[in-house]
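Structural overview for review
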Protein chains: 2
Amino acid sequence: MKKKSDRLSPPERRSQLIEATLICLMREGARGLSSRKICAQAQVSVGLLNHHFSRQEQLVAAAYEESSRRHHETLRARIQADAQNQDAPIKTLVSCAFEEDIMHPDQLRAWVVFWSKTIDSKMMRATHDRINERLQSYLIEVLAQSLPNCAGDLRVLAIEYSALVDGLWLDWSLNGKHQSAELWQTILNQWLDRTLALASAPVPD
Amino acid sequence: MKKKSDRLSPPERRSQLIEATLICLMREGARGLSSRKICAQAQVSVGLLNHHFSRQEQLVAAAYEESSRRHHETLRARIQADAQNQDAPIKTLVSCAFEEDIMHPDQLRAWVVFWSKTIDSKMMRATHDRINERLQSYLIEVLAQSLPNCAGDLRVLAIEYSALVDGLWLDWSLNGKHQSAELWQTILNQWLDRTLALASAPVPD
DNA sequence: GCTATTGTTGAACGATCGTCCAATACTATT
DNA sequence: AATAGTATTGGACGATCGTTCAACAATAGC
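What this report covers is the structure whose coordinates are included nearby. Please read all numbers here as calculations on a predicted model, not as lab measurements.

The next subject is the side chain of B:Thr195. With respect to the helices and strands, the residue B:Thr195 is situated in helix H9 (residues 182-200). Once residues within four sequence positions are removed from consideration, B:Thr195 is found in contact with A:Arg194 and B:Leu157.

Residue and element names in this part refer to chain B. Inspection of every chain in the model, using the stated rule, returns 24 salt bridges over all chains. The salt bridge partner of Arg109 is Asp106, with a shortest N-O separation of 3.5 Å. Taken together, the residues span about one helical turn, with Arg109 and Asp106 both in helix H6 (residues 105-119) at a distance of three residues. Classification of Arg109 by relative accessible area gives partly exposed; the value is 23%. The class for Asp106 is partly exposed, based on a relative accessible area of 25%.

Let us look at the interface of chain B and chain A. Facing the 36 residues of chain B at the interface are 36 residues of chain A. Together, the buried faces of chain B and chain A total about 3,500 Å²; carbon and sulfur atoms form 66% of this surface. Applying the counting criterion to the chain B and chain A interface returns two salt bridges. Taking the shortest distance from any N to any O, the salt bridge between B:Arg194 and A:Glu160 comes out at 2.6 Å. For the interface between chain B and chain A, the tally reads four residue pairs in polar contact (both at pLDDT 80 or more). For the side of chain B that touches chain A, the secondary-structure elements that each account for two or more residues are H6, helix H7 (122-146), helix H8 (154-174) and H9 of chain B. A per-element tally of the side of chain B that touches chain A places H8(B) first, with 12 residues.

The environment of DNA strand C is made up of 24 residues, and the closest members are A:Ser35, A:Arg36, A:Gln56, B:Arg13 and B:His51. When the atoms of DNA strand C within 4 Å of the protein are sorted by group, sugar and phosphate make up 52%. A distance of 2.7 Å separates a phosphate oxygen of DNA strand C from a polar backbone atom of A:Ser35. Separating a phosphate oxygen of DNA strand C from a side-chain N or O atom of B:His52 is a distance of 3.1 Å. Looking at the surface near DNA strand C, the elements that each hand over two or more residues are helix H2 (35-41) of chain A together with helix H1 (10-28) and helix H3 (46-52) of chain B. Broken down by element, the surface near DNA strand C gets its largest block of residues, five residues, from H3(B). Here the surface near DNA strand C is composed, by residue class, of six nonpolar, 10 polar and eight charged.

Calculation rules
Position numbers for residues start from 1 in each chain and track the written sequence from start to end. Chain letters and ligand numbers both follow the written order, the letters beginning at A and the numbers at 1. Local features are withheld for residues below a pLDDT of 70 in this predicted model, meaning they are given only at 70 or higher, and side-chain atom pairs are given and counted only at 80 or more; totals for whole chains, interfaces and linings count all residues. Note that the side-chain values use all heavy atoms of the structure and ignore hydrogens as well as water. Here a strand is any run of E in DSSP of at least two residues, a helix any run of H or I of at least four, and the numbering for each starts at the N terminus. In this description, contact between two residues means that some pair of their heavy atoms is separated by no more than 4.5 Å. Here, a salt bridge means any Lys or Arg side-chain nitrogen found within 4 Å of an Asp or Glu carboxyl oxygen. A simple rule labels every residue: compare its accessible area, found with a 1.4 Å probe on the protein chains alone, to the largest value its type can have, and call it buried under 20%, exposed over 50%, or partly exposed in between. Once two parts are joined, some of their accessible surface, as seen by a 1.4 Å probe, is lost; buried area is that loss totalled over both. Side-chain atoms alone can form a polar contact between residues adjacent in sequence; in general such a contact is a pair of N or O atoms within 3.5 Å, and within protein one must be able to donate a hydrogen while the other accepts it. Residues are counted as near a molecule or strand when any one of their heavy atoms sits within 4 Å of it. Put simply, Ala, Val, Leu, Ile, Met, Phe, Trp, Tyr, Cys and Pro go in the nonpolar bin, Asp, Glu, Lys and Arg in the charged bin, and everything else, Gly too, in the polar bin.

Distances and angles like these do not, on their own, reveal function.
Have a look at this one:
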């Protein structure tokens with residue numbers, strides 16, 4: 001037997017289980033949310049899950065948090081890397097919205113599961129609210145940099161943007177014939193163009 | 001015993017089961033999708049379900065179709081009833097988007113379930129595509145009436161609109177503190193104002 | 001009124017679910 | 001080296017899942 005030591009520190013094991021959860025949810029959606037499948041993915045016995053997470057709900061909430069954290073981090077990295085658009089970082093955000101590591105259809109599979117759990121779980125709702133507020137704050141920050149002379153409420157604009165992007169992702173991912181994201185990307189681009197044009201000249205009256 | 005005849009014609013029984021499914025999904029979300037719960041809601045024995053629907057998948061697809069049909073019908077009725085806005089029926093559509101019978105948070109519970117099933121079921125995906133295309137055609141029709149002089153592609157605008165509305169509904173329904181839809185309604189109103197303004201004067205160059 | 005058809009019932013089946021827990025294996029402390 | 005503490009295992013439990021099916025009840029055709 002080559003097994004010498006499979007023991008990990010609790011934080012390592014926890015994040016390993018979270019990783020396995022994300023893989024299962026991205027692969028199978030709601031059908032992948034199973035203690036046994038997740039533990040099999042992590043190559044770990046079933047009982048271990050409840051040693052590190054008291055209930056499945058807590059694992060899912062942690063996975064939601066982690067998925068959002070990664071998403072957020074990827075966005076930050078993209079904006080930071082794109083120095084030439086620093087005057088309007090929202091352009092960078094928009095232009096990479098449908099790239100593979102930002103939003104893959106598989107990832108939306110997992111998100112739909114998170115949303116469905118958010119509906120009937122207090123803890124998931126709290127997690128969702130926290131995640132949402134973090135992303136919203138960041139979006140406001142990005143918009144403030146992009147539209148320094150905007151008269152309108154940036155928070156409102158941030159909600160509109162994230163709603164639009166979520167809706168486009170949904171439509172794109174659920175669509176039966178989603179080869180390319182070109183159409184949805186174009187829609188988002190046009191929305192940005194219009195928004196930027198209006199924000200620059202907000203008083204045509 | 002007062003039971004004289006509980007027997008219904010197949011179409012009646014089918015729609016009764018579909019109705020029960022919608023109630024269960026709206027009440028409990030994914031947890032409500034259970035043959036036994038649905039049959040209990042319909043006050044009917046478990047075995048009857050598989051007599052009228054060969055698999056649960058077919059029942060869910062039928063419920064999705066029915067839910068969309070009702071939604072569509074309600075929208076049509078609103079627009080038809082609102083005669084004064086006949087020049088821009090999109091205004092009517094927008095202004096009632098968050099009214100109770102158009103989109104209740106409970107209804108989104110059911111929709112999230114439909115979406116999650118759309119991800120890993122061929123039949124559900126086909127149903128989703130059919131539903132989506134019907135709604136899109138209607139939206140294009142409404143937009144054509146509202147923007148007779150619009151130079152842009154109405155199909156693209158329709159996709160943007162429905163994505164935005166879906167996203168706003170999601171954000172509104174999942175939000176922990178969603179007392180009033182006022183904020184989201186305002187966002188949608190402002191989007192429409194901007195869109196109408198640009199469509200009326202599309203060549204500022 | 002008899003028969004064929006069909007809507008309806010509810011028990012039963014096997015599968016899978018989340019969780020629990022006694023036993024075990026590993027690590028750290030003394 | 002002995003002990004305490006904990007990470008890990010995997011079987012067991014009860015619940016619930018979707019589906020099947022033989023039996024029953026209501027209807028339709030004759």
